[in-house]
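Each chain, letter by letter, is given below.
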Amino acid sequence: MFKQIQRKLTVQYLAFFLLFVFLLMIVLYFAIIAIVQQQQVQELKLFHQKEHYHLMGDNIRKDREIEYDANRIYFYYIFTNRHKLVHGDESIHGLSKDIDQLMVHAKDGDPQSIEWKGEHLLLLKYHQPLNSNGNYMIIGQSVTKEFHLLERMMYAIIILTLIGIIIIAFLSHYLAGKAMVPIKQSFDRQRKFVSDASHELRTPLTVFYSSLEVLESDDENRFSTFGQEVITDLKDEAQHMETLLEGLLFLARFDQNKLPIKKDSIVLSDIVKNMTKSFERTLPESIKLKTKIDGNIHFIGDETKIREMLYILLDNAAKFTEQGFINVSLSSFNNKIELIVEDSGIGISEQDTQHIFERFYQATKNQQKEGTGLGLAIAHAIVLQHQGHISVESKLGQGTKFIVSLPIQNKKD
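In this text the structure is predicted, and so the values were computed from the model without any measurement. (Residues numbered from 1 in each chain as written. Predicted model: local features only at pLDDT ≥ 70, side-chain atom pairs only at ≥ 80, totals over all residues. Heavy atoms only, no water.)

(A) Seen up close, a negative patch on the surface. Together, Glu229, Asp233, Asp236 and Glu237 make up a region of like negative charge exposed at the surface. Inspection of the secondary structure puts Asp233 in helix 4 (residues 225-255). Residue Asp233 is classed as partly exposed on the basis of its relative accessible area, which comes to 47%. (Patch = residues over 30% accessible without salt bridge, like charges linked within 9 Å, V, L, I, M, F, W, Y side chains within 5 Å. Areas by Shrake-Rupley, 256 points an atom, 1.4 Å probe, with all protein chains shown as cover. Salt bridge = Lys/Arg side-chain N within 4 Å of Asp/Glu carboxyl O. Lys, Arg positive; Asp, Glu negative; His and termini not counted. Charge placed at Lys NZ, Arg CZ, Asp CG, Glu CD. Helix = DSSP H or I, 4+ residues; strand = E, 2+ residues; numbered from the N terminus. Buried < 20%, exposed > 50% of the residue type's maximum accessible area, 1.4 Å probe, protein only.)

In structure tokens:
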């Protein structure tokens, strides 16, 4: 149990760490992009301010060809209002043919990040007239190197995060184990106390019960009718306490992994049939017991405990069903055995079903019923001891269904 809690704590620590790092990476990545792009846009605007005067009016030569220089940091193109290229300085060969179409929907002074033939470009478009003909300018620069730098930085962060996850996983597991030590010690002391107390109380309780039987069977009959009733009540309470102590001792041994289990080959079909027939005779006429039991289903396990588990489920169904039915089915498929005990009783609320297998827990609607509150906890422990699984489906006023799934095992297992 504590190992399972330790694993859950480790997973939770890792989940919080991953969430924090993931959010941090997103914020950091977009913050760096925004800062870098803002700096680049400012540089482009400064370039535009410097070159704008020289490109106005008669300074533009319409017969001048595009000048290409791969080492140029910034490039620009000037177009007429009819989208005809007038002049420009180019640093990416062939861009002049496509750039106007790439920026056709761009707003004035609004930076655009565009990928073109493997190049990442930052572009600005200015519709302010450069001369009386209404020319406009598109300026930009290649940010491919910066883009690849950001990519490599992100890969580095991811790799460092993966390394951090491994380190955090080991640290989380170690710290969770350290945190569980005092809790485990307290829990072990509590389990030992319950086990010892249950064991030590059995003897005086047996003596007390035997003494009551002696008094009840006294031939001289020195007790009045009221006295006889008191003795009978005391016997009932002593028997109830004995059942409670037996349940506590069983669960304490289960917690300490000291509960022996037999691995015998049993015919589960015959056991369920015989028990349901016997149990049917104890039911009132208002409750009908229906069975659907497949034959020749074999199981490797402890017959006594399997009988106890089935009796608990049947008794629980009868206790909370005043009239209606109890259905019992047994089948096997996909290397699993499925036992279902269903009733049409008062049902269990959704809130209660989450705690129904806890010790001493009784559903709110069922607290007036007699019982120790340990029956379903014992049935749950028996199923777990046989590497099985038990679940419950229920709704208030619509009955309850317990589903037990047991693995088909070889005796050597």
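(B) Molecular detail of the pairing of strand 2 (residues 74-79). With respect to burial, strand 2 is a largely interior element, 6 of its 6 residues being buried. Alternating residues of strand 2 divide into Tyr74, Tyr76 and Ile78 and Phe75, Tyr77 and Phe79, and every residue in both groups is buried. With 6 bridges connecting them, strand 2 and strand 6 (residues 136-142) associate as antiparallel partners. For Phe79, the partnering residue across the bridge sits in strand 6 and is Tyr136. (Pairing = 2+ DSSP bridges.)

(C) Structural context of the environment of Pro407. Considering the arrangement of structural elements, one finds Pro407 in strand 13 (residues 400-407). Sequence separation between Pro407 and Ile300 is 107 residues, and the spatial gap between their C-alpha atoms is 9.1 Å. Discounting residues that sit within four places of it in the chain, Pro407 has contacts with Phe299, Asn335, His386, Gln387 and Gly388. (Contact = heavy atoms within 4.5 Å.)

(D) Fine view of the nonpolar core. Counting residues in each nonpolar core, the largest one holds 46 residues, and the members touching the most others are Leu268, Met309, Leu313, Ile326, Leu330 and Val404. If sequence neighbours within four positions are ignored, Ile326 has contacts with Leu283, Ile287, Lys288, Leu289, Lys290, Ala317, Ala318, Val341, Glu342 and Asp343. Judged by nonpolar contacts, the second largest core, of 14 residues, contains Ile92, Ile99, Trp116 and Leu123. (Core = buried A, V, L, I, M, F, W, Y, C linked by side-chain atoms within 4.5 Å.)

(E) Geometry of the sheet that holds strand 6. The sheet built from 6 strands is open, its strands ordered 1-3-2-6-5-4 with mixed pairing. Taken across any chain shown, the strands that pair with only one partner, and hence form the sheet edges, are strand 1 (67-68) and strand 4 (112-116).

(F) A look at the sheet that holds strand 13. As summarised here, the arrangement of the 5 strands in space is 8-10-11-13-12, forming an open sheet in which the pairing is mixed. With partners counted over all chains shown, the strands left at the sheet margins are strand 8 (287-293) and strand 12 (389-394), one partner each. Recorded for the sheet is a direction-independent mean angle of 10° between the axes of neighbouring strands. Of the strand pairs in this sheet, strand 10 (residues 324-333) and strand 11 (residues 336-343) are connected by 8 bridges, and their pairing is antiparallel. In the sheet register, Leu330 faces strand 11, and the bridge partner there is Leu339. Contacts between helix 5 (residues 268-280) and the sheet are confined to strand 8, strand 10 and strand 11, with strand 8 contributing the most and set at about 170° to the helix. Contacts from helix 6 (residues 303-319) reach strand 8, strand 10, strand 11, strand 12 and strand 13 within the one sheet, and its direction differs from that of strand 11 by about 25°. (Axes fitted to C-alpha atoms, helices over the stretch in contact; angles between N-to-C directions.)

(G) Examining the side chain of Thr161 more closely. Along the chain, the position of Thr161 falls in helix 3 (residues 144-216). Given the relative accessible area of 13%, Thr161 is considered buried. In contact with Thr161, not counting residues within four places along its chain, are Phe17, Val21 and Met25.

(H) Representation of the pattern of salt bridges in the model. For the structure shown, the criterion picks out 2 salt bridges. The closest approach of N and O atoms between Arg307 and Glu303, which form a salt bridge, is 3.1 Å. Here the residue Arg307 and the residue Glu303 both occupy positions in helix 6, the gap between them amounting to 4 residues, near one helical turn. Between Asp315 and Lys319 there is a salt bridge whose closest N-O contact spans 3.9 Å. Of the two residues, Asp315 and Lys319 both sit in helix 6, 4 residues apart, roughly one turn of that helix. Residue Asp315 is classed as partly exposed on the basis of its relative accessible area, which comes to 28%. Among the residues examined, Lys319 registers a relative accessible area of 31% and is labelled partly exposed.

(I) Structural detail: the side chain of His87. Along the chain, His87 falls in strand 3 (residues 85-90). Accessibility expressed as a relative area gives 2% for His87, which makes it buried. Within the local environment of His87, its side chain forms a polar contact with the side chain of Tyr76, the two groups lying 3.1 Å apart. (Polar contact = N/O pair within 3.5 Å; in protein donor to acceptor, adjacent residues only side chain to side chain.)

(J) Quick look at helix 6. Look at helix 6: 24 Å from first C-alpha to last across 17 residues, which is about the 24 Å you get at 1.5 Å a residue. The set of residues buried in helix 6 consists of Lys305, Ile306, Met309, Leu310, Ile312, Leu313, Leu314, Asn316, Ala317 and Ala318. Between a side-chain oxygen at the N-terminus of helix 6 and the backbone nitrogen of Thr304 the separation is 3.1 Å; the capping residue is Asp302. (Expected span 1.5 Å × (residues − 1).)

(K) Structural context of the pairing of strand 11. Linking strand 10 to strand 11, which pair antiparallel, is a turn of 2 residues; within it Asn334 sits at a positive phi near 50°. Pairing of strand 11 with strand 13, which is carried by 8 bridges, proceeds in the antiparallel orientation. Note that in strand 13 the partner of Lys336 across the bridge is Pro407.

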